[in-house]
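# Structural overview
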Amino acid sequence: MCSVVGYIGKNKSRDTVLDGLTRLEYRGYDSAGFACIDSETKHLVVAKKIGQLSNLKQSLKNQSSDGFLSLGHTRWATHGAATEQNAHPHVDCTSSLAVVHNGIIENHTSLKKILEHEDHAFKTETDSEVLAHLFEQYTIDEKMPPLQAMQKMVEQLEGAYAFCIISEHYPDSLFIARKGSPLCIGLGEGEMFVGSDPLAFTDKTNRVLFLPEKSYALVHKDGYALYDFSGNVLSVQSQIVDTSWIAGEKGDHEHYMLKEIYEQKHAIDKTVRFFQSIHTTIFDYLGITQEELQNLESITFLGCGTSAHAGKLAQFFFEQKAGIQTRCELASEFRHKTFFKQKNHLYIAISQSGETADTLEAIRLVQEHGQATLALTNVASSTLVRECDGFLLTQAGPEIAVASTKAFSTQLAALYWLAHCVAYHKKSISHKQFQESETELFTTAEILENVIEQYKHEIMMDCAPFYKKYKEFIFIGRHNSFPFAEEAALKLKEISYVFAQAYPAGELKHGPLALVDEFLPVVIFSHPDPVIYQKLLSNAQEIKARKGHIIVFALEHQKELLSLAHRAFIIPAVPSLLFPLAMTGIMQFFCYALAKVSGHAIDKPRNLAKSVTVE
Ligand code: G6P
């Protein structure tokens, strides 16, 4: 998704800004740009390129322009195609000021009309360009002081935004504002950094000021002045962020995704051990009291993509283990539905990044209704952590590949642990049973890894080349293996661009069976429960009778199902609620191998972004 980087200070900053963009590159983008007030000419210089950041770096190699005030941006197209013209930074009519923006200015059409009436000439199809012309209108045409201009701007803008402006008329100032989209300032000595994520500058400073919602700031090399949207001065504490959040290297792995698939056992272990370590102080994290937890009657999970699938799987943990009625809502849909205020209810937002706009907006809606919110995220410094009443952190470490792997498995481990923690505090299980659940997680993590080891050669050398020719897949499951099938279908779509659809196995005969023939592989995720297994077996027979090509992930003793399969992967026994977690590694590896034989950009799939900061 779009990333914003800015710098003001004692040093020439082109490399710093480009390095910052490089660190945020994994989020996905389709063009990149840089602007600075050139230290020699004192004029604004702008460079933009479509495609990889390396194209921008290459184009700048032959230019000497550099400055003490600069901006950078990677754009993921929303309004207007991914062209050089539409790439940020955007400039005003006089080309003396430049803007980079994340988010969407929803009223850009009406603002553009007003500005065109004032003779501003627009050059792009973007919503963001209005920001450059608005600042020009106020500071150049109407000669308004820049801070007054900023306030007038934020008063009029609708939508979500994090933007930064530099102007050759104010070489000692960087102007920034945020509403809905994240933005922070890295506090250095005689230099200040700005980023949509602290990762942009954590190699330079770990002192970070997160801009509060609806605020703007004037940043200069030795400090900043922060205001709310009414123009009142704000005083906010800076934080020290964990700099280990600098993206790790790929090591010997060809892709980050592969590295992250292999890291899962360790990540699950680390997450469970971390949760064990905070158990005695858990109420400092949950945002609800022990009494409120004991009275808890229902839970709603909110999330998007893979995180929503973790929520759907965790429904079974909470209902079965803690006796709590649980549902999972897609955050992007939730806010358009009728809100029913519920007593003794907890909303748990699940998000790897903690920055997904849909999830944040859903949580804000919940908070407007005064209901309790808990974040489960992988990023301690995220907006979700700051905005929810409580937070729990998975310990997956940085996840760089767009397709989520270890974030998903650690979310499952965390939620399994939490379900047992709730059950324990509600006195539904004993302390011993709670401890056993932790052992189950350690064992399952080991199985997850062993299964990959067992099949990785076969999948890479035999399976992937064979399945490369198939252009569509169906994934089916029952009970908790259905949301797992949904995650598998998502994984395959994301990285291999093969159409994959998940169905609850029982629904097959209500329509999708019409698609089945020898050209359509159907992947069946089995279930340890004998009754559910029998039903799945019947579904497999229905597919077989239509000559469907069957791939099965099942237990060793599920002989009948295994015998119907063209290809089978045997998963060792684990508690049925954790069976999806045991299958997670091999499922991801299978999808990875299919994408690899097709030669796709696995870590950064086309059109996708790691952190989706627009709704
Ligand atoms: C994007 C990513 C997905 C991810 C989803 C939710 O769509 O491409 O891989 O699952 O966002 O992200 P979150 O950070 O909220 O878990």
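Everything discussed here concerns the structure shown above.
Here goes a summary of the coordinates provided. Treat the numbers as computed from the prediction; the structure is a model and nothing was measured.

Attention now moves to the side chain of N480. Relative to the assigned elements, N480 resides in the loop between β20 (472–477) and α16 (481–496). For N480, a relative accessible area of 1% corresponds to the buried category. Aside from chain neighbours lying at most four places away, what touches N480 is L313, F316, H527, S576, L577 and P580.

On to the site of the ligand, then. Near the ligand, the surroundings consist of 13 residues, among which S307, S351, Q352, S353 and T356 are the closest. In the model, an oxygen atom of the ligand is placed 2.6 Å from a nitrogen or oxygen of the S351 side chain. Taking V402, its main chain carries an N or O atom lying 3.2 Å from an oxygen atom of the ligand. Here the ligand loses 89% of its free accessible area of 390 Å² to cover by the protein chains. Looking at the shell around the ligand element by element, the count peaks at three residues for helix α10 (residues 305–322). Classifying every residue of the shell around the ligand by side-chain character gives four nonpolar, seven polar and two charged.

Attention now moves to the nonpolar core. Soluble globular proteins tend to bury their nonpolar side chains together. Counting 120 residues, the largest nonpolar core has F318, F473, F475 and F525 as its most contacted members. Of the residues forming this core, the biggest block, 14 residues, is contributed by helix α15 (residues 431–467). Residues contacting F473, with those up to four places away along its chain left out, are Y467, L492, V498, F499, A500, Q501, L520, P521, V523, I551, F590 and L594. Membership of the second largest hydrophobic core comes to 27 residues, among which are I105, F122, M150 and F175.

Packing of helix α7 (residues 264–278) against α15 brings their axes to within 8 Å, and their N-to-C directions diverge by 170°. Comparing the axis directions of α7 and α15 gives the class roughly antiparallel. Contacts between α7 and α15 involve Q264, K265, I268, D269, V272, R273 and Q276 from the first element and E438, L441, F442, A445, E446, L448 and E449 from the second. For the contact of α7 with α15, the residue count by class is six nonpolar, two polar and six charged.

Sheet architecture is open: five strands sit in the order β16-β15-β17-β18-β19, paired in parallel fashion. Each edge of the open sheet is held by one strand with a lone partner, namely β16 (325–330) and β19 (390–393). Strand-to-strand twist in this sheet, taken as the mean axis angle between neighbours without regard to direction, amounts to 20°. The pairing of strand β18 (residues 372–377) with β19 spans four bridges and is parallel. Residue pairing across strands places L376 opposite L392, the latter belonging to β19. Against the sheet, helix α12 (residues 357–368) engages β15 (298–303), β17 (345–351) and β18, with an angle of about 145° to β15.

Let's shift gears to the pattern of salt bridges. Summed over all chains, the structure comprises 22 salt bridges. For R335, the salt bridge is made with E361, and the minimal N-O distance between the two is 3.9 Å. Note that R335 is positioned in the loop between α11 (331–334) and β17 and E361 in helix α12, a separation of 26 residues in sequence. On the accessibility criterion, R335 (29% relative accessible area) is partly exposed.

Okay, the sheet that holds strand β2 (residues 31–37) next. What the eight strands build is an open sheet, ordered β3-β2-β4-β1-β10-β9-β11-β14; its pairing is antiparallel. Looking at the sheet topology across the chains shown, the edges are occupied by β3 (44–50) and β14 (239–240). On the sheet, helix α1 (residues 14–24) packs against β1 (3–9), β2, β4 (69–75) and β10 (191–195) and is oriented at approximately 155° with respect to β1. Lying on the sheet, helix α2 (residues 53–61) is in contact with β2, β3 and β4; it crosses β3 at an angle near 140°.

Calculation rules
Residues numbered from 1 in each chain as written. Predicted model: local features only at pLDDT ≥ 70, side-chain atom pairs only at ≥ 80, totals over all residues. Heavy atoms only, no water. Helix = DSSP H or I, 4+ residues; strand = E, 2+ residues; numbered from the N terminus. Buried < 20%, exposed > 50% of the residue type's maximum accessible area, 1.4 Å probe, protein only. Contact = heavy atoms within 4.5 Å. Near = heavy atom within 4 Å. Polar contact = N/O pair within 3.5 Å; in protein donor to acceptor, adjacent residues only side chain to side chain. Areas by Shrake-Rupley, 256 points an atom, 1.4 Å probe, with all protein chains shown as cover. Nonpolar A, V, L, I, M, F, W, Y, C, P; charged D, E, K, R; others polar. Core = buried A, V, L, I, M, F, W, Y, C linked by side-chain atoms within 4.5 Å. Axes fitted to C-alpha atoms, helices over the stretch in contact; angles between N-to-C directions. Parallel < 35°, antiparallel > 145°, perpendicular 65-115°, else oblique. Pairing = 2+ DSSP bridges. Salt bridge = Lys/Arg side-chain N within 4 Å of Asp/Glu carboxyl O.

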